[in-house]
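Each chain, written out:
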Amino acid sequence: MNQVLNYQKYKKIAVMGGTFNPIHNGHLVAAEFVRQELGIERVIFIPTGNPPHKNTNPMYNEHRYLMTVLATVNNPHFEVSRLEIDRQGYTYTIDTITELKKRCSADCKIYFISGADAILQILQWKEPEKLLSMCEFVAVTRPGNNIKELEKTVSMLKDKYKGKITLIEIPALSISSTNIRHRILANKSIKYLLPSNVEDYIHKFSLYQAEDITSKEIEKIKGKLHSILTSKRYKHTLGVAQEALQLAKRYNVDTYKAYLAGLLHDCAKCYTNKEKLELCKKYNINLDKFLLENPELIHSFLGAKIAELEYNITDFDILNAIAYHTTGRENMSILEKIVFIADYIEPNRDYFDGLDKIRELAYKNINTAIIFALENTMKYLKNRNIKLHPLGKKALMYLKEEKNE
Ligand code: NAP
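All right, on to the state of the cysteines then. Under the defined criterion, the tally for this structure stands at 0 disulfides. With no disulfide of its own, Cys-135 has Cys-104 as its nearest cysteine by sulfur position, at a separation of 11 Å.

What follows covers the packing of aromatic side chains. The geometry of two aromatic rings is summed up by the distance between their centres and the angle between their planes. Tallied over the full model, the rule gives 12 aromatic pairs. Seen in terms of ring centroids, Tyr-201 and Phe-205 are 4.7 Å apart; in terms of plane orientation they differ by 45 degrees. Their pairing is tilted. Residue class for Phe-205 comes out partly exposed when judged on its relative accessible area of 39%. For the pair Phe-301 and Tyr-324, a centre-to-centre distance of 5.7 Å together with 85 degrees between the ring planes defines the contact as edge-to-face. One end of the pair, Phe-301, is in helix α14 (residues 298-310); the other, Tyr-324, is in the loop between α15 (316-323) and α16 (334-345), and 23 residues separate them in sequence.

All right, on to unusual backbone geometry then. The omega torsion across Asn-21 and Pro-22 is 0 degrees, close enough to zero to call that bond cis. Checked against the element boundaries, Pro-22 lands in the loop between β1 (12-18) and α1 (25-38). With a phi close to 55 degrees, Lys-162 is a non-glycine residue in the positive phi region. Taking the relative accessible area as the measure of exposure, Lys-162 reaches 64% and is therefore exposed. One non-glycine residue with positive phi stands out, namely Ser-206, at about 45 degrees. Of note, Ser-206 is situated in the loop between α8 (196-204) and α9 (216-228). Assessed through its relative accessible area of 41%, Ser-206 is described here as partly exposed.

Here the focus is the environment of Tyr-201. The topology assignment puts Tyr-201 in helix α8. Sequence separation between Tyr-201 and Leu-70 is 131 residues, and the spatial gap between their C-alpha atoms is 8.8 Å.

Bringing helix α10 (residues 231-250) into the picture now. Over its 20 residues, α10 extends 29 Å from the first C-alpha to the last, a length consistent with the 28 Å expected when each residue adds 1.5 Å. Taken together, the buried positions of α10 are occupied by Tyr-234, His-236, Thr-237, Gly-239, Val-240, Ala-241, Glu-243, Ala-244, Leu-245, Leu-247 and Ala-248. A positive backbone phi angle near 55 degrees is found at Asn-252, which sits one or two residues after α10.

Basis of the calculations
Residues numbered from 1 in each chain as written. Predicted model: local features only at pLDDT ≥ 70, side-chain atom pairs only at ≥ 80, totals over all residues. Heavy atoms only, no water. Disulfide = S-S within 2.5 Å. Phe/Tyr/Trp six-rings, centres within 6.5 Å; stacked < 30°, edge-to-face > 60°. Buried < 20%, exposed > 50% of the residue type's maximum accessible area, 1.4 Å probe, protein only. Helix = DSSP H or I, 4+ residues; strand = E, 2+ residues; numbered from the N terminus. Expected span 1.5 Å × (residues − 1).

The following block contains the structure:
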């Protein structure tokens, strides 16, 4: 469906950019508040299409768009655009703003409203300096955000790149899309967190249920892994993906991302050690002395690169979860911890001493589970005169210090 966009009559418009998976009352309150505060005439909600920085389930694109339409239908100042949903390939904000500018009068001021977490990563977006010169940014914060830290980044962007960024705290953003998805999975009510017509839509199409971890993208990945991995390794891979999904539900993490990371964690296991070394050289992956002496650990670091190049994974958190799934590292993200521990406990794992304990701990306290797992591995390796990789030692020290704080 091609929309004809024409904003010639406006002097101040705002783009409300986001995944909106799903849209909720926090987004609506934020858009309305900013509209009134800044005297904006039109707020255009633009659900992301295929963003370069994350892997969203493509089957949800149309749902996300339609839910955004339903949510905004009562506000005469709001509208929804298909600009990004309909764009082929990756969708970059710079292209969206360039497209909009063509449809606005020359003196129209354009604002871009989005979550502070997203906007303050702007230097990693496409053509950030140009973007900062084309529109003003409104980064809405939610309770719990570290405002001092955000202010520091804002002033750096102002000083260095002359960007205009306003931080606005929106208490209603204590609602989050992630939390809504997890409430649905846990069979909890989502009433009053989002407009009732969006709630009805979610129930009507049974959105955000566990079975949603099927998509063309996932099926394609599974097909490829099935053809390159041994059947035992493939079975293990499916087990890790499923375990990561369960852990993601437990720890309120995006289940789709956890499933994808679990699925791809061993994607480089199909290579011989010689091939792994050659590929690392080809892709400029630095291997330390330890890895050169223990090439069986290389598959995780190489796997992250293969996931990026051959499976089109762009989400840094997924790529890091693959890279560090065997060694761990200091200050792991929750997704990294999930894949690390899912690899230990997935249901097809051959039994080893301590497995039941790790399985039990994993769902109680993931940090304690990782400490137990790393210490267990250390004991196992010591008996074979092998040391733990330095990254694993650091992970262990970090988690223990954190526990004692
Ligand atoms: P995200 O990772 O889904 O969200 C990051 C955080 O911001 C989450 O806490 C999210 O909360 C919140 N958030 C997102 N959109 C929001 C909004 N409109 N109002 C209030 N909070 C919001 O971020 P994203 O949705 O992918 O990206 C946000 C925007 O930045 C999109 O328009 C995207 O296209 C753009 N972006 C562009 C590039 C690029 O051009 N290279 C790269 C990254 C992002 P909820 O989950 O509750 O929404």
